[in-house]
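Residue-level listing of the chains:
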Amino acid sequence: MKTAVYPGSFDPCTNGHLDVIKRASRLFDTLIVAVLINSSKQPSFSVEERVEMLKSVTKDMDNVKICSFSGLLADFMKNINSSIIIKGIRAVSDFEYEFQMALTNRTLNPELETLFLHTSQDYMFLSSSIVKEIAKYGGCLDGLVPDDLIPIIKSRFENADA
Ligand code: PNS
């Protein structure tokens, strides 16, 4: 049984994330989507909200599980006994940072392998930050995030100062 882990902030989950989740879930017996509890960053959505949003958009994917983690990813991987990390790469600009992370994780635990999935062409420009920027100014989120999440994301930014 091969289990892979797709870690991230998912603040919030975008259609780019969902695309990687769908494709990675076809490659492994189980895909764990692991939401980082990051104490040094102030996310727009609590970890519980991020987990709930991911659970709702993956409810029909039987081999996808959603959980949260804090601390080092390498330690989390050891705790759940998985050695495969999935990362999505949008452009060459993502690669340098992701390569650094992959090497760091392997230094911490030499058994870890990071597999990069290129993003689908439609989502090359897309990020959680872009989604939040659009939501802040009341722009249209159609096609950028799963439909069910649009009202949740919009309402979070409705009264925020632009
Ligand atoms: O969606 P993001 O913000 O690009 O995800 C980044 C994430 C969560 C994968 C990365 O920050 C991470 O693994 N954080 C956990 C701490 C850690 O292990 N850092 C790498 C070694 S310093």
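Please refer to the structure placed before this passage.
The structure presented is a predicted model; accordingly, all values stated were derived computationally and were not measured. (Residues numbered from 1 in each chain as written. Predicted model: local features only at pLDDT ≥ 70, side-chain atom pairs only at ≥ 80, totals over all residues. Heavy atoms only, no water.)

## Overview of unusual backbone geometry
Between Asp-11 and Pro-12 the backbone carries a cis peptide bond, its omega angle lying at 0 degrees. Following the sequence through the fold, Pro-12 ends up in the loop between β1 (3-8) and α1 (15-25). A positive phi angle, close to 50 degrees, is found at Phe-10, a residue other than glycine. When you line up the elements, Phe-10 lands in the loop between β1 and α1. (Helix = DSSP H or I, 4+ residues; strand = E, 2+ residues; numbered from the N terminus.)

## Focus: the sheet that holds strand β4 (residues 84-89)
Ordered in space as β3-β2-β1-β4-β5, the five strands form an open sheet in which the pairing is parallel. What marks the edges here is a single partner per strand, and that holds for β3 (64-69) and β5 (113-118). Each adjacent strand pair in this sheet contributes to an overall mean axis angle of 30 degrees, direction not counted. As judged from the six bridges shared by β1 and strand β2 (residues 30-36), these two strands associate in the parallel manner. Each bridged residue has a counterpart across the sheet, and for Ala-4 the counterpart in β2 is Leu-31. (Pairing = 2+ DSSP bridges. Axes fitted to C-alpha atoms, helices over the stretch in contact; angles between N-to-C directions.)

## Some remarks on the nonpolar core
Ile-21, Leu-31, Val-33, Leu-54, Ile-86, Leu-141 and Ile-153 are the most contacted members of the largest nonpolar core, which has 35 residues in total. Mapped onto this core, the elements with two or more residues apiece are β1, α1, β2, α2 (47-57), β3, β4, α5 (128-136) and α6 (150-158). Sorting elements by how many residues they give to this core places α2 first, with five residues. If near-sequence neighbours (up to four positions away) are discounted, Ile-153 is found in contact with Pro-12, Phe-45, Val-131, Ala-135, Leu-141 and Val-145. Residues Val-5, Ile-32, Phe-69 and Ala-74 belong to the second largest nonpolar core, which totals ten residues. (Core = buried A, V, L, I, M, F, W, Y, C linked by side-chain atoms within 4.5 Å. Buried < 20%, exposed > 50% of the residue type's maximum accessible area, 1.4 Å probe, protein only. Contact = heavy atoms within 4.5 Å.)

## Details of the site of the ligand
Around the ligand, the structure places Pro-7, Gly-8, Ser-9, Leu-36, Phe-69, Gly-71, Leu-72, Leu-73, Lys-87, Met-101 and Thr-104. In this structure, Ser-9 approaches the ligand through a side-chain N or O atom, which is 2.6 Å from an oxygen atom. A distance of 2.8 Å is found between an oxygen atom of the ligand and a backbone nitrogen or oxygen belonging to Leu-73. If the ligand stood free it would expose 550 Å²; the protein chains cover 71% of that surface. Elements with a contribution of two residues or more to the shell around the ligand: β1 and α4 (92-108). Here the shell around the ligand is composed, by residue class, of six nonpolar, four polar and one charged. (Near = heavy atom within 4 Å. Polar contact = N/O pair within 3.5 Å; in protein donor to acceptor, adjacent residues only side chain to side chain. Areas by Shrake-Rupley, 256 points an atom, 1.4 Å probe, with all protein chains shown as cover. Nonpolar A, V, L, I, M, F, W, Y, C, P; charged D, E, K, R; others polar.)

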